[in-house]
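Now for the letters of each chain:
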Amino acid sequence: QEHLAESGGGSVQAGGSLVLSCEASGVTYFASCIGWFRQPPGKEREGVAAILPDSNITFYAASVNGRFTISQDNAKNTVYLQMNSLKPEDTAMYFCAAKRYGCATLHGAPVPDVFTYWGQGTQVTVSS
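Residues numbered from 1 in each chain as written. Predicted model: local features only at pLDDT ≥ 70, side-chain atom pairs only at ≥ 80, totals over all residues. Heavy atoms only, no water.

**Here we look at the nonpolar core**
Among soluble globular proteins, nonpolar side chains are generally buried collectively.
Working step 1: Residues Trp36, Leu81, Met83 and Tyr94 are the most contacted members of the largest nonpolar core, which totals 29 residues.
Working step 2: Residue assignment for this core shows that the elements contributing at least two residues are β3 (18-25), β4 (32-39), β5 (46-52), β7 (68-73), β8 (78-83), β9 (92-100) and β13 (122-127).
Working step 3: Within the second largest apolar cluster, 6 residues are counted, among which are Cys33, Leu52, Ala97 and Phe115. (Core = buried A, V, L, I, M, F, W, Y, C linked by side-chain atoms within 4.5 Å. Buried < 20%, exposed > 50% of the residue type's maximum accessible area, 1.4 Å probe, protein only. Helix = DSSP H or I, 4+ residues; strand = E, 2+ residues; numbered from the N terminus.)

Set out below in structure tokens:
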């Protein structure tokens with residue numbers, strides 16, 4: 001039974017930092033792609049970043065490249081999203097998701113529709 005659980009969301013002032021965590025269970029972690037996605041209020045879900053745990057290769061959407069860092073702790077089957085220089089435009093519900101056998105990306109951003117397993121989301125609010 002595949003399960004992903006996000007944590008670490010909250011409220012932060014623009015320019016600040018926040019770290020999100022995604023704990024994966026029931027997933028073949030090292031044969032999977034783990035991605036972060038976000039959905040601002042009233043907008044569609046978009047890919048943020050992704051990582052291949054077996055090779056540690058990472059992918060980033062252009063909107064967050066240079067500000068966000070995706071990483072992992074293999075022993076804990078946990079993926080992190082370090083978010084720096086946060087902007088009000090980053091305000092969204094953030095989701096962790098996984099798919100088997102490699103990442104699917106478009107111009108660096110993971111594609112939501114092909115990710116199979118999803119967490120419940122954690123809210124990130126950035127105030128100006």
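So that's the structure; there's more coming.
**With respect to the sheet that holds strand β1 (residues 3-7)**
Working step 1: Read from one edge to the other, the open sheet built from 4 strands follows the order β1-β3-β8-β7, with strand pairing classed as antiparallel. Here the strands that pair on one side only, and so sit at the sheet edges, are β1 and β7. This sheet shows a mean twist of 20° between the axes of neighbouring strands, independent of strand direction. (Pairing = 2+ DSSP bridges. Axes fitted to C-alpha atoms, helices over the stretch in contact; angles between N-to-C directions.)

**Concerning the pattern of salt bridges**
Working step 1: Under the criterion given, the structure shown has 3 salt bridges.
Working step 2: Between Arg38 and Asp90 there is a salt bridge, with the nearest N and O atoms lying 2.8 Å from each other. Taken together, the positions of Arg38 in strand β4 and Asp90 in the loop between β8 and β9 put the pair 52 residues apart, joining distant regions of the chain.
Working step 3: Residue class for Asp90 comes out buried when judged on its relative accessible area of 1%.
Working step 4: The partner of Arg67 in a salt bridge is Asp90, with the nearest N and O atoms 2.8 Å apart. Here Arg67 is found in the loop between β6 (57-60) and β7, whereas its partner Asp90 is found in the loop between β8 and β9, with 23 residues between them in sequence. Considered together, Arg67 and Asp90 belong to a single accessibility category, that of buried residues.
Working step 5: Taken together, the salt bridges that share partners define one network made up of Arg38, Glu46, Arg67 and Asp90. (Salt bridge = Lys/Arg side-chain N within 4 Å of Asp/Glu carboxyl O.)

**Quick look at the state of the cysteines**
Working step 1: This structure, assessed with the given rule, holds 2 disulfides.
Working step 2: Cys22 shares a disulfide with Cys96; S-S distance 1.8 Å. Between Cys22 and Cys96, the S-S torsion sits near -70°, and that sign places the bridge as left-handed. With a gap of 74 residues between them, Cys22 in strand β3 and Cys96 in strand β9 connect regions that are remote in the sequence.
Working step 3: Numbered by position along the chain, the disulfide-linked cysteines of the protein chain connect as 1-3, 2-4. (Disulfide = S-S within 2.5 Å.)

**Thoughts on the pairing of β3**
Working step 1: Across 5 bridges, β1 lies against β3 in antiparallel orientation. Bridging across to β3, Leu4 finds its partner in Ala24.

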